[in-house]
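# A closer look at the structure
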Amino acid sequence: MVPTSKRPRSPVVAVTGAASGIGRAFLAKVASSADFRRVVAIDEQRGDVPGVTWRVIDVRDPLLANRISDIDVLVHLAGDFALDADPAERRAYNLRAAQTVLTASAAARVRRVVLVTSAMVYGATPDNPVPLPEDAPVAAEPDTGMVGDHLEIEALVRRSLRSHPGLEVTVVRPAAVVGPGVDSVVTRHFESPRLLSVKGCEPRWQFCHVDDLVSALELAALGTVSGTVAVGCDGWLEHEQVEELSGLRRFELPAGLTFGTAQRLHRLGVTPAPATDLHYVVYPWVVDCASLREAGWKPAWTNEAAFTELLELREGRHTVVGRRLSGKEATLTAAGATVAVLGTAAIVRVARKKRRP
């Protein structure tokens, strides 16, 4: 009798940050998938997704290793991404969470960890190739903003791979994420009445819908893709297409004025985000999703459809002088504040010239 080959057992997957946001979206996806033997949800509070095993714990707790000893794959989606968070507190949380997940996973002999950073780590520059290859160097400027957090997390990953060679770590780098509940420098850029543009440079726009990020994370959890994985819609939108779809018009300013004023605003505490955040709304950072494409993955969303949803989700939201008008004080973002303040600066400069004899 010829022995039959055994099919590998489906993995047990755990998800951190499972009660809300992208963590909840991913949890709901894998909870209904036959590709996973069991699904464990980890968060500081129990969520509402049924059919999974909930384990209530702070992801920064060193005892996490004891709670994941039966896990094959851990997808880390817990983090502080609020624009109005204190930068030092936010970074401390994000780095401690990532470090604890990596250390605990190695101690518990978890086979694979999947983390999400951002394609922002490639940096946004006027001479970036469009698209950027997946193995392009990490060239973003370290700063106090979210990009700095992502750079630090990826540095933790590199150190972890050296310290724990038996642990496989996949880093997923999405383009500008779009979807319900997403609030970022890029999404707020389109709440302003005009679109800031730097003279002599044309931005290109690539988005990543939450649905496509979730499907890419599922492939990463299964080990279908590994290493560094970029994810986003196919291709990109030219700025003229963005203007046509949104009905918003640009105003152009010199790069020196734009970034110099933004930096001064940040130093004065007018905007919590550093001036370098503006790079991501005026310069291209389109990525080529080669690993996913070679694995047979295709995004369900086009850039046009994702951008249209972004516009629908921003309805009723307006950023004026960097402040989102609502029932309570809204956060300032570098993009919004700089659009308003630089526009005012330009008007003042023109008025001064007219008054000169």
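Let us look at the structure shown here. Note that the structure is a prediction, hence the values are computed from the model and not measured. (Residues numbered from 1 in each chain as written. Predicted model: local features only at pLDDT ≥ 70, side-chain atom pairs only at ≥ 80, totals over all residues. Heavy atoms only, no water.)

In this structure, the amide linkage connecting valine 130 to the following residue, proline 131, adopts the cis form with an omega of 5 degrees. By secondary structure assignment, the location of proline 131 is in the loop between β5 (112–116) and α4 (146–163). Phi at arginine 109 is positive, roughly 60 degrees, even though this residue is not glycine. Within the secondary structure layout, arginine 109 lies in the loop between α3 (87–107) and β5. (Helix = DSSP H or I, 4+ residues; strand = E, 2+ residues; numbered from the N terminus.)

Let's shift gears to the packing of aromatic side chains. A full pass over the atoms with the stated rule returns five aromatic pairs. Relative to tryptophan 205, the ring of phenylalanine 190 has its centre 5.0 Å away and its plane inclined at 65 degrees; by these criteria the two rings are edge-to-face. A residue pair is termed long-range when its members are at least 10 positions apart, and phenylalanine 190 in the loop between α5 (185–189) and β8 (194–198) and tryptophan 205 in strand β9 (residues 204–205) qualify at 15 residues. Taken individually, phenylalanine 190 and tryptophan 205 each receive the classification buried, so the pair is uniform in this respect. For the ring pair tryptophan 205 and phenylalanine 207, a centre distance of 6.4 Å and an interplane angle of 10 degrees mean the geometry is stacked. According to the relative accessible area criterion, phenylalanine 207 is buried, its value standing at 0%. Members of the aromatic cluster, connected to one another through ring pairs, are Phe190, Trp205, Phe207 and Phe307. (Phe/Tyr/Trp six-rings, centres within 6.5 Å; stacked < 30°, edge-to-face > 60°. Buried < 20%, exposed > 50% of the residue type's maximum accessible area, 1.4 Å probe, protein only.)

Our next topic: the nonpolar core. Within the largest apolar cluster, 44 residues are counted, with the highest numbers of intra-cluster contacts made by Val186, Phe190, Trp205, Phe207, Trp285 and Phe307. Among the secondary structure elements, those contributing two or more residues to this core are α4, β7 (176–178), α5, β8, β13 (249–253), α8 (255–267), α9 (279–282) and α11 (303–313). By residue number, the principal contributor to this core is α11, which donates four residues. Ignoring anything within four residues of it in the chain, the contact list for phenylalanine 307 reads Phe190, Phe207, Leu237, Val242, Leu245 and Ser246. Ranked by size, the runner-up nonpolar core spans 34 residues in total, among them Val114, Cys208, Val214 and Leu217. (Core = buried A, V, L, I, M, F, W, Y, C linked by side-chain atoms within 4.5 Å. Contact = heavy atoms within 4.5 Å.)

Read across the open sheet, the seven strands follow the order β3-β2-β1-β4-β5-β6-β11; overall the sheet is parallel. Strands at the two margins of the open sheet, each flanked by one partner only, are β3 (53–56) and β11 (228–231). Taking the axes of each pair of neighbouring strands and ignoring which way they run, one obtains an average angle of 20 degrees across the sheet. In the sheet, strand β1 (residues 12–16) pairs with strand β4 (residues 73–76) via four bridges, with the strands oriented parallel. Its bridge partner being in β4, alanine 14 is matched across the sheet by leucine 74. On the sheet, helix α6 (residues 210–222) packs against β4, β5, β6 (168–174) and β11 and is oriented at approximately 160 degrees with respect to β5. (Pairing = 2+ DSSP bridges. Axes fitted to C-alpha atoms, helices over the stretch in contact; angles between N-to-C directions.)

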